[in-house]
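Coordinate analysis (summary)
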Amino acid sequence: MLYTLLCYNKEDIVWSWSKEEDAAVMAKLSVVHEKLVKEGKLGPSLRLLPTTAATTLRGPGLVIDGPFAETKEQLLGFYVIDVENLDAALDVAKELSAANPTSVYEIRPIALYVPEARPNAPKEMVKVY
Amino acid sequence: MDIAWINSALTAARPQAVGALLRYFRDMDRAEEAFQDACLRALKSWPEKGPPRDPTAWLILVGRNAALDGVRKQSRNTPLPPDEEISDTGDAESELAERLDGSHYRDDVLRLLFICCHPDLPATQQIALALRIVSGLTVVQIARAFLVSEAAMEQRITRAKARIAKADVPFEAPGPAERSERVAAVAAMIYLLFNEGYSAGNDPDRAPLCDEAIRLARLLLRLFQTEPEIMGLTALMLLQQARLPARFNAEGDAVLLDDHDRVLWDDKLISEGLALVDKAMRHNRPGPYQVQAAIAATHSRAATAAETDWAGIDGLYLALERMQPSPVITLNRAVAVAKLHGPAAALDMIEPLEELLAGYFPYFGARGAFLLQLGRNREARAAFDRAISLAGSTAEATHIRRHLDRLMAEAV
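Residues numbered from 1 in each chain as written. Chains lettered and ligands numbered in written order. Predicted model: local features only at pLDDT ≥ 70, side-chain atom pairs only at ≥ 80, totals over all residues.

Looking only at helices and strands, chain A features 3 helices and 6 strands. Seen in sequence order, chain A has helices and strands lined up from the N terminus as β-α-α-β-β-β-β-α-β. Taken over the C-alpha atoms alone, chain A extends approximately 45 × 35 × 30 Å along its principal axes. Within chain A, buried positions represent 18% of all 129 residues. (Helix = DSSP H or I, 4+ residues; strand = E, 2+ residues; numbered from the N terminus. Buried ≥ 20, exposed ≤ 12 C-beta atoms within 10 Å, placed from the backbone.)

Written out as structure tokens, the structure is:
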């Protein structure tokens, strides 16, 4: 079963982390990432720029600056994981949460998965954030 | 419950919470005290009970209640209720706080920022006040960043507060015209703050001013998500800050943009900056911050100095010159012109500026460089000597001196 783990946090806090603080969290998370890769569970994963960089399209003609909704916590990124069931997905989420305790992880089953189709798609992690 | 997390949550909540408390109390000192009080209670209560669902609403309510209790205690001398009772704001209260403050949120924070950059205050006081009140930096930290004693900074902030108390900033929600004037004043203050840190270069006490400016710009942008100039301002600072790791060599000397090791540039800041430039351009409402951001973006997009789109940069400086005519902008454009049409053309352009820029270090640095490229070494040396005498920091002076020594040695 494919699940996506949506990572939420307050972006004003996360985006004012110092380089060192950010690197510390990313280092802890990468331990979990490597484990998931070894177990063959990790699909594509993204970290998003803050919602101030977002643009929202409402209907074909209406382009709005900003995110879909003003919320207290923002979607900061997501994982796609391939695990047996919800319990297994929760186990993964718990590991991520232990590495990044202030973030909240929403677990959502995936209904349709379209694989990477760009011919020159990177095979390695691309750190543009 | 991580204490570092609590501290960053308190800092993040500060502008909105102090802004709301200021609206209740209409007095800066009382608002700040109430917020301090709420923070102390948070540090006691959150580690035990876990953080509230809405830390900002919690801090506003607890701060307000604590201040009101303080008044009651003084007047009746009755004992305070136990801490748990005050601090226990359940979901119902949190929703109440949200209703109370949601609609005011934007204007509260804007008012707080605007008070700090009130036109009655000189620029240095504006920045100091914003750092103290909005960012919550301590007087010691601010004093260090401005290279003055703690007592002098304490006095500067007290004076600034006294002046704004008299200035009588209105507490009603501002109209659209007034709101956009406030936004522009705040943007100018934020850019001033950034430049204060940027010109200090690699000084560890002053460099954090840039981070603080970016944090305030992101805050302003979250309040005014559709303002292209605020996108431009934020992008400009992000793109300039991205180059910081390459701006100085191991000895701490300044490195020219042409000589930057671009691998050191911070990709994360660049992608955010470029995304904001893209968003701003869509609005077709150009302004000086957007144009400056577009110039910075042009540099960011060039993988090597040789790949820089100098014609594009020339055009952007020309647009900027039209928006705000200034000899400094013409001087910057001359650098692009030198790349495009050679040093003689650039020299012709800047010669008429000499009187206006007689005290401006970069003028003589650029003039020296153009003259040197033309082989007019004696005049170049005179320009470089003049630049050194005007340099604002040792890094600047060392940079010119090195330039001078190396190129003069080659020329002999």
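Taken residue by residue, the interface counts 19 residues in chain B and 18 residues in chain A. For the side of chain B that touches chain A, the secondary-structure elements that each account for two or more residues are α1 (3–25), α11 (208–223) and α13 (267–282) of chain B. Per-element accounting of the side of chain B that touches chain A gives the leading share, 7 residues, to α13 of chain B. Residue composition of the side of chain B that touches chain A, by class: 6 nonpolar, 4 polar and 9 charged. (Contact = placed C-beta atoms within 7 Å. Nonpolar A, V, L, I, M, F, W, Y, C, P; charged D, E, K, R; others polar.)

Residues and elements named next belong to chain B. Mapped onto the fold, Glu321 is located in helix α15 (residues 310–323). Sequence spacing of Glu321 and Pro288 is 33 residues, and the spatial spacing of their C-alpha atoms is 9.3 Å. Sequence-distant contacts of Glu321, defined by excluding residues within four places in its chain, comprise Ile329, Thr330 and Arg333.

Residues and elements named next belong to chain B. Examined at the domain level, chain B breaks down into domain 1 (3–100), domain 2 (104–224) and domain 3 (226–296). In this assembly, 11 residues from domain 1 lie in contact with 13 residues from domain 2. For the side of domain 1 that touches domain 2, the element with the most residues is α1, which contributes 9 residues. (Domains from an automatic or database assignment.)

Attention now moves to the sheet that holds strand β2 (residues 42–47) of chain A. Residue and element names in this part refer to chain A. Strand order in the open sheet made by the 4 strands is β2-β5-β1-β6, with antiparallel pairing throughout. Lying at the two open borders of the sheet, with one neighbouring strand each, are β2 and β6 (104–109). Between one strand and the next, the sheet's axes are offset by a mean angle of 20°, whatever the strand orientation. Where strand β1 (residues 2–9) and strand β5 (residues 74–82) come together, 8 bridges link them in antiparallel fashion. What sits directly across from Thr4, in β5, is Val80. Against the sheet, helix α3 (residues 86–99) makes contact with β1, β5 and β6, and its axis sits at roughly 155° relative to β6, the strand it touches most. (Pairing = 2+ DSSP bridges. Axes fitted to C-alpha atoms, helices over the stretch in contact; angles between N-to-C directions.)

As a further point, take the packing of helix α17 (residues 343–350) of chain B against helix α18 (residues 361–373) of chain B. Residue and element names in this part refer to chain B. At a minimum axis separation of 9 Å, α17 and α18 run at an interaxial angle of 145°. Helix-helix and strand crossings are classified by hand; for α17 and α18 the assignment is left-handed. Facing α17, whose interface residues are Pro343, Ala346, Leu347 and Ile350, α18 presents Ala366, Arg367, Phe370, Leu371 and Gln373. Taken together, the residues of the contact of α17 with α18 break down into 7 nonpolar, 1 polar and 1 charged. (Left-handed = near helix turned anticlockwise from the far one by under 90°.)

Once that is clear, we can look at the nonpolar core. Core analysis: the largest hydrophobic core is formed by 116 residues, its most contacted members being Leu113, Ala130, Val186, Ile190, Ala213 and Leu220 of chain B. Counting residues per element, this core draws most heavily on α11 of chain B, at 10 residues. Leaving out residues up to four positions away in the same chain, Ala130 of chain B has contacts with Leu113, Cys116, Cys117, Ser135, Met189 and Leu193 of chain B. With 15 residues, the next largest nonpolar core counts Val14, Leu29, Tyr79 and Val92 of chain A among its residues. (Core = buried A, V, L, I, M, F, W, Y, C linked by C-beta atoms within 7 Å.)

Residue and element names in this part refer to chain B. Between its first and last C-alpha, α11 extends 23 Å over 16 residues, near the 22 Å set by a 1.5 Å rise per residue. The buried fraction of α11 is high, at 12 of 16 residues. If you check which residues of α11 are buried, you get Leu209, Cys210, Glu212, Ala213, Ile214, Leu216, Ala217, Arg218, Leu219, Leu220, Leu221 and Leu223. (Expected span 1.5 Å × (residues − 1).)

To characterise two packed helices, one gives the angle between the axes of the helices and the distance between these axes. All names here are of chain B. Two numbers describe how helix α10 (residues 176–199) lies on α11: the axes approach to 7 Å, and their chain directions differ by 160°. Here α10 lies roughly antiparallel to α11, going by the angle between them. Crossing handedness for the pair α10 and α11: left-handed. On α11, the residues that touch Val186, Ala187, Ile190, Leu193, Phe194, Glu196, Gly197 and Tyr198 of α10 are Pro208, Leu209, Cys210, Glu212, Ala213, Leu216, Ala217 and Leu220. Residues that form the contact of α10 with α11 fall into these classes: 13 nonpolar, 1 polar and 2 charged. (Parallel < 35°, antiparallel > 145°, perpendicular 65-115°, else oblique.)

Residue and element names in this part refer to chain A. In terms of burial, β6 is largely open, as just 0 of its 6 residues are buried. When β1 meets β6, the two strands line up antiparallel, connected through 6 bridges. When the sheet's bridge partners are listed, Cys7 is paired in β6 with Tyr105.

What follows concerns unusual backbone geometry. The phi dihedral of Leu147 of chain B falls on the positive side, at around 60°, and the residue is not glycine. Tracing the backbone shows Leu147 of chain B in the loop between α8 (139–145) and α9 (150–167).

With that out of the way, let us pick up the confidence of the model for chain B. Residue and element names in this part refer to chain B. Mean pLDDT over chain B stands at 87; residues scoring 70 or higher make up 90%. The model gives residues 83–89 a pLDDT under 50, and that stretch makes 14 contacts with residues more than four places away or in other chains. Among the prediction metrics, the complex's ipTM stands at 0.82, with pTM recorded as 0.86. (pLDDT = per-residue confidence, 0-100.)

Moving on, we come to helix α7 (residues 123–133) of chain B. Residue and element names in this part refer to chain B. Extensive coverage of α7 is indicated by the burial of 9 of its 11 residues. Taken together, the buried positions of α7 are occupied by Gln125, Gln126, Ile127, Ala128, Leu129, Ala130, Leu131, Arg132 and Ile133. Check the buried side of α7 and you find it contacts α1, α6 (105–116), α8, α9, α10 and α11.

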